[in-house]
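Here's the letter readout for the chains.
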Amino acid sequence: MLKTYSVSCHCGRLHAKFRRQQHLPLTLWDCNCSDCAMRRNVHFMVRMTDFWFVDGAESADATTEKDSNDNTASMSSKEKFEHESILYQWGTKTAVRRFCRICGILPFYIPRSNPDGYAITFPCVDWGEDG
């Protein structure tokens, strides 16, 4: 049975959902690339077709005010995600890592080792009643 879960950064500005087969075991990867090793990133993979962006929640704890000239109302969810995040790439620039501009967390990314899917940072998932 396919089940939908949410994944987000600490402040909630970067937010997405993904589907996975609930009954299948979850394989976690402890990535050893130089970036992930320093952050102790543990993730699992989902296909791009089972992943989608949603508008991030406005956090009451946000430390910065929205710019009054900032017009994000007409942006798609993916455009808002790109606006609320900072891209960090190095080496082959195959991996796409976008960290939250506010809290610095990387809840999901496109890894170099699997560019046709999303790596979901395990502790960033809201497992709901399955957790």
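Given the structure is predicted, the values throughout are model-derived calculations rather than measurements.

The rules behind each value
Residues numbered from 1 in each chain as written. Predicted model: local features only at pLDDT ≥ 70, side-chain atom pairs only at ≥ 80, totals over all residues. Heavy atoms only, no water. Phe/Tyr/Trp six-rings, centres within 6.5 Å; stacked < 30°, edge-to-face > 60°. Helix = DSSP H or I, 4+ residues; strand = E, 2+ residues; numbered from the N terminus. Buried < 20%, exposed > 50% of the residue type's maximum accessible area, 1.4 Å probe, protein only. Polar contact = N/O pair within 3.5 Å; in protein donor to acceptor, adjacent residues only side chain to side chain. Contact = heavy atoms within 4.5 Å. Core = buried A, V, L, I, M, F, W, Y, C linked by side-chain atoms within 4.5 Å. Pairing = 2+ DSSP bridges.

## Some details on the packing of aromatic side chains
Phase 1 of the analysis: By the definition in use, this model includes 15 aromatic pairs.
Phase 2 of the analysis: Taking the centre distance of 6.0 Å and the plane angle of 65° together, the rings of F53 and F108 count as edge-to-face. Placement of F53 in strand β5 (residues 51-54) and of F108 in strand β8 (residues 108-110) is noted, with a sequence separation of 55 residues between them. Neither residue differs from the other here; F53 and F108 are each classed as buried.
Phase 3 of the analysis: Arranged with centres 6.4 Å apart and planes meeting at 75°, the rings of F108 and Y118 form a pair that is edge-to-face. Placement of F108 in strand β8 and of Y118 in strand β9 (residues 117-121) is noted, with a sequence separation of 10 residues between them.
Phase 4 of the analysis: According to the relative accessible area criterion, F108 is buried, its value standing at 2%.

## Section: the side chain of S85
Phase 1 of the analysis: Tracing the chain through its elements places S85 in strand β6 (residues 85-88).
Phase 2 of the analysis: Classification of S85 by relative accessible area gives buried; the value is 1%.
Phase 3 of the analysis: Of note is the side chain of S85, whose polar atom sits 2.8 Å from the backbone oxygen of F81.
Phase 4 of the analysis: If near-sequence neighbours (up to four positions away) are discounted, S85 is found in contact with L14, R98, F99, C100 and R101.

## Some details on the environment of L87
Phase 1 of the analysis: Among the secondary structure elements, L87 is positioned in strand β6.
Phase 2 of the analysis: A relative accessible area of 40% places L87 in the partly exposed class.
Phase 3 of the analysis: Remark: the alpha-carbon pair of L87 and R101, spanning 14 residues in sequence, is separated by 9.6 Å.
Phase 4 of the analysis: Not counting the four nearest positions on each side in its chain, L87 is found in contact with V96, R97 and R98.

## Concerning the nonpolar core
Phase 1 of the analysis: One finds V7, F18, F51, F108, Y118, I120 and V125 to be the most contacted residues of the largest nonpolar core, which totals 20 residues.
Phase 2 of the analysis: Breaking this core down by element, the ones donating at least two residues are β1 (2-8), β2 (15-21), β4 (42-47), β5, β8 and β9.
Phase 3 of the analysis: The next biggest cluster of nonpolar side chains, apart from the first, holds 5 residues, and it includes C36, F99, Y109 and A119.

## Some details on the pairing of β1
Phase 1 of the analysis: Relative to β2, β1 runs antiparallel, the two being bridged by 7 bridges. Each residue of the ladder has a partner; that of S8, found in β2, is H15.
Phase 2 of the analysis: In textbook terms, the turn of a hairpin is the stretch between consecutive antiparallel strands, and for β1 and β2 this stretch comprises 6 residues, one of which, G12, has a positive phi near 90°.
Phase 3 of the analysis: As judged from the 2 bridges shared by β1 and strand β10 (residues 125-126), these two strands associate in the antiparallel manner. Counterpart to S6 in the pairing with β10 is D126.

## Considering the sheet that holds β4
Phase 1 of the analysis: Read from one edge of the open sheet, 6 strands run β3-β4-β9-β8-β7-β6, paired in antiparallel fashion. Since the sheet does not close on itself, it has two edges, and those belong to β3 (29-30) and β6, each with one partner.
Phase 2 of the analysis: Here 2 bridges tie strand β7 (residues 96-100) to β8, and the two strands are oriented antiparallel to one another. Residue R97 lies in a different strand from β8, and its bridge partner there is Y109.

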